Amino acid sequence: ETDCIQSLPINLIIDGVILGFVPELQACEDNNGMANFDLTQYETPIANGQSGLGFSYHLDLDDAVANVNPINDPTNFSTDATTIFVRAFNSSDPNGCFGIGSFDVSVIDFDQITANPVNLEQCDPNGNGVTIFDLTVANDLIVDNPIFSYSYYTSFTSAETQASSGLITNPEAY
């Protein structure tokens, strides 16, 4: 009886997709309580440094796992608050390894924005009727939500039309 032992190296390759964290997406409502979302805007953090990935977006976890019923246009998706399931896969082999993640989308109700004018007051140290205001201190008084961006204009008409001629380019020192 002869015992024969032979050692050979084995290369074990694990080809998986590990997804990164995606924060909640928020958007302002339209007139019917819905909002439009570009679900693709967070593909870079979802990819978590991996390249060569494709993505599909689903309303149901089982659909994401089975790779069926993707959202038709993830760049312009209209919904109310819901959970989105994203399937990230190797774009050269869509039926191979994949990862599933989820994130929430929420709709900001316009009622959160104050309809009352915000008054800013400060002293005129020179007594000449002119002083510099930081208009951005009103941001949290208008709505306390970091999703909003603000632009300031010299007239209501300029604000409605977003006319560049009325845009205040330095609202921190106006």
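These numbers come from a predicted model, not from an experiment.

Asker: Describe the pairing of strand β6 (residues 98-108), listing the residues and the values that go with them.
Answerer: Strand direction decides the pairing type here: strand β1 (residues 25-28) and β6, joined by four bridges, are parallel. Along β6, the bridge assignment pairs Gln-26 with Ser-106. When strand β5 (residues 82-90) meets β6, the two strands line up antiparallel, connected through eight bridges. Looking across to β6, one finds that Phe-85 is bridged to Ser-102.

Asker: With reference to specific residues and values, describe the packing of aromatic side chains.
Answerer: Here the structure, examined in full by the defined rule, presents zero aromatic pairs. Against the face of Phe-98 rests Arg-87, its NZ or CZ located 3.7 Å from the ring centre.

Asker: Explain the environment of Asp-63 to me, using residue names and the numbers behind them.
Answerer: Relative to the helices and strands, Asp-63 is located in helix α2 (residues 61-66). Dropping the residues within four chain positions of it, Asp-63 is found in contact with His-58, Val-68 and Asn-69.

Asker: Just give me the short version of unusual backbone geometry, but keep the residues and values in it.
Answerer: Even without glycine at this site, Asn-48 takes up a positive phi of about 55 degrees. As for its position among the elements, Asn-48 is in the loop between α1 (43-47) and β3 (53-58). One non-glycine residue, Asn-69, adopts positive backbone phi at about 55 degrees. Inspection of the secondary structure puts Asn-69 in the loop between α2 and β4 (77-79).

Asker: Describe a nonpolar patch on the surface, and please don't skip the residues or the numbers.
Answerer: Together, Leu-61, Val-65 and Phe-98 make up an exposed nonpolar region whose accessible area comes to about 230 Å². Tracing the backbone through its elements, the reader meets Leu-61 in helix α2.

Asker: So what about the sheet that holds β3? Which residues, and what values?
Answerer: Spatially, the four strands line up as an open sheet ordered β1-β6-β5-β3, and their pairing is mixed. If you trace the sheet from one side to the other, it starts and ends with β1 and β3, each paired once. Averaged over all adjacent pairs, the angle separating strand axes in this sheet is 30 degrees, with direction ignored. Note that β3 and β5 share six bridges and pair antiparallel. Paired with His-58 across the strands is Phe-85, a residue of β5.

Asker: Can you break down the environment of Ala-27 residue by residue, with the values?
Answerer: Within the fold, Ala-27 resides in strand β1. We classify Ala-27 as buried; its relative accessible area is 14%. Sequence separation between Ala-27 and Phe-37 is ten residues; the distance between their C-alpha atoms is 7.0 Å.

Asker: Explain the side chain of Asn-139 to me, and be specific about the residues and the numbers.
Answerer: One can find Asn-139 in helix α3 (residues 139-142). Classification of Asn-139 by relative accessible area gives buried; the value is 15%. Setting aside anything within four residues of it in sequence, one finds Asn-139 in contact with Tyr-150 and Tyr-152.

Calculation criteria
- Residues numbered from 1 in each chain as written.
- Predicted model: local features only at pLDDT ≥ 70, side-chain atom pairs only at ≥ 80, totals over all residues.
- Heavy atoms only, no water.
- Pairing = 2+ DSSP bridges.
- Helix = DSSP H or I, 4+ residues; strand = E, 2+ residues; numbered from the N terminus.
- Phe/Tyr/Trp six-rings, centres within 6.5 Å; stacked < 30°, edge-to-face > 60°.
- Lys NZ or Arg CZ within 6 Å of the ring centre and 35° of its normal.
- Contact = heavy atoms within 4.5 Å.
- Patch = residues over 30% accessible without salt bridge, like charges linked within 9 Å, V, L, I, M, F, W, Y side chains within 5 Å.
- Areas by Shrake-Rupley, 256 points an atom, 1.4 Å probe, with all protein chains shown as cover.
- Salt bridge = Lys/Arg side-chain N within 4 Å of Asp/Glu carboxyl O.
- Axes fitted to C-alpha atoms, helices over the stretch in contact; angles between N-to-C directions.
- Buried < 20%, exposed > 50% of the residue type's maximum accessible area, 1.4 Å probe, protein only.

The values reported here are purely geometric and, on their own, carry no functional implication.
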